[in-house]
Amino acid sequence: MSVDREYITEVRSVNERRDIFQQRGLVDEIGDMCELWREQQGSPNGVLAEFGWETEYTFSIGNNRPRFDGFKNRIGLEHETREQMNIRSHLLWAEAGFQSDVIDACVFVVPSGNDGSVRRTHRELNDEIFTKHFPINCPFLLVEYDPS
């Protein structure tokens, strides 16, 4: 099983749990979804639904109602097409979902060429902000694909 495809530009695992995605049969599926996102270049919901992901999955943390773009087999998924600040926000919500036993892990899928990137996200997750000040323990699979 591999997410490796010619259009996948970068894959990073955070908190050393890439196996959880393989055990749940999602690694190949994530690669296949990236291919469809490239072809359709629209909202991620149609692709997620086609692969059996619950879309716009909302959960409660106190009075907050964060959501994942997709949810399947206790894995959250974010397809982020905007800026790095949105990725940071979603990292914190994913960690809250992990600590609250809503998810076991999370996938971030990022089209290349945007303000947000897998390389930058991986660097930030291993930097002081997310290791000392706001520790992130949730296992992440970070996947970047070429949308063209």
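### What to know about the overall build of the protein
Along the backbone of the protein there are 6 helices and 6 strands. Each helix (α) and strand (β) of the protein, taken in turn from the N terminus, gives the series β-α-α-α-β-β-β-α-β-α-α-β. In terms of C-alpha radius of gyration, the protein reaches 14 Å, essentially the compact-globule figure of 15 Å for 148 residues. When its C-alpha atoms are laid out on the principal axes, the protein stretches across 40 × 30 × 30 Å. Within the protein, buried positions represent 47% of all 148 residues. The long-range fraction of contacts in the protein, counting pairs at least 24 apart against all pairs at least 6 apart in sequence, stands at 70%. Charged side chains of the protein number 16 positive and 26 negative; the gap between the two group centres comes to 4 Å.

### A short note on the pattern of salt bridges
Counting across every chain of the model gives 12 salt bridges. Put simply, D32 and R5 hold a salt bridge, and the shortest N to O gap is 2.7 Å. With D32 in helix α2 (residues 27–40) and R5 in the segment before β1 (8–14), this pair connects stretches of sequence that are 27 residues apart. A salt bridge links R67 to E56; the nearest nitrogen and oxygen atoms lie 3.0 Å apart. Of this pair, R67 sits in strand β3 (residues 67–72) while E56 sits in strand β2 (residues 54–58), and the two are 11 residues apart along the sequence. On the basis of relative accessibility, which here comes to 33%, the residue E56 falls in the partly exposed class. In this structure, a network of salt bridges that share partners links the residues R24, R74, D101 and D104.

### What to know about the nonpolar core
The tendency in soluble globular proteins is for nonpolar side chains to be buried side by side. In terms of nonpolar packing, the biggest core is built from 24 residues, with I30, M33 and W37 touching the most fellow members. Listing elements by their share of this core, those giving two or more residues are α1 (18–23), α2, α3 (44–50), β4 (75–79), β5 (105–111) and β6 (140–145). The leading source of residues in this core is α2, at 6 residues. With near-sequence residues (within four places) excluded, M33 lies in contact with V47, L48, F51, W53 and L77. Core analysis: the next-biggest nonpolar cluster, separate from the first, contains 20 residues, Y57, F68, F108 and F130 among them.

Calculation criteria
Residue numbers restart at each chain and count upward from 1, following the sequence in its written direction. Residues qualify for local features only when their pLDDT is at least 70, as the model is predicted, and side-chain atom pairs are given and counted only at 80 or more; totals for whole chains, interfaces and linings, by contrast, use all residues. Computation of side-chain values: all heavy atoms of the structure, hydrogens and water removed. For helices the rule is a DSSP run of H or I covering at least 4 residues; for strands it is a run of E covering at least 2, with both sets numbered from the N terminus onward. Our radius of gyration looks at C-alpha atoms and nothing else; its globule reference is 2.2 Å times the residue count to the power 0.38. The buried label applies to any residue whose accessible area, calculated with a 1.4 Å probe on protein chains only, is under 20% of its type's maximum; exposed applies above 50%, and partly exposed to all values in between. Throughout, a contact is declared for two residues whenever any of their heavy atoms are within 4.5 Å. Counting rule applied: Lys, Arg positive; Asp, Glu negative; His and chain ends not counted. Just so you know, the charge point we use is NZ for Lys, CZ for Arg, CG for Asp and CD for Glu. Salt bridge, as used here: a side-chain nitrogen of Lys or Arg that lies within 4 Å of a carboxyl oxygen of Asp or Glu. Residue types Ala, Val, Leu, Ile, Met, Phe, Trp, Tyr and Cys, when buried and joined through side-chain atoms within 4.5 Å, form a set referred to as a nonpolar core.

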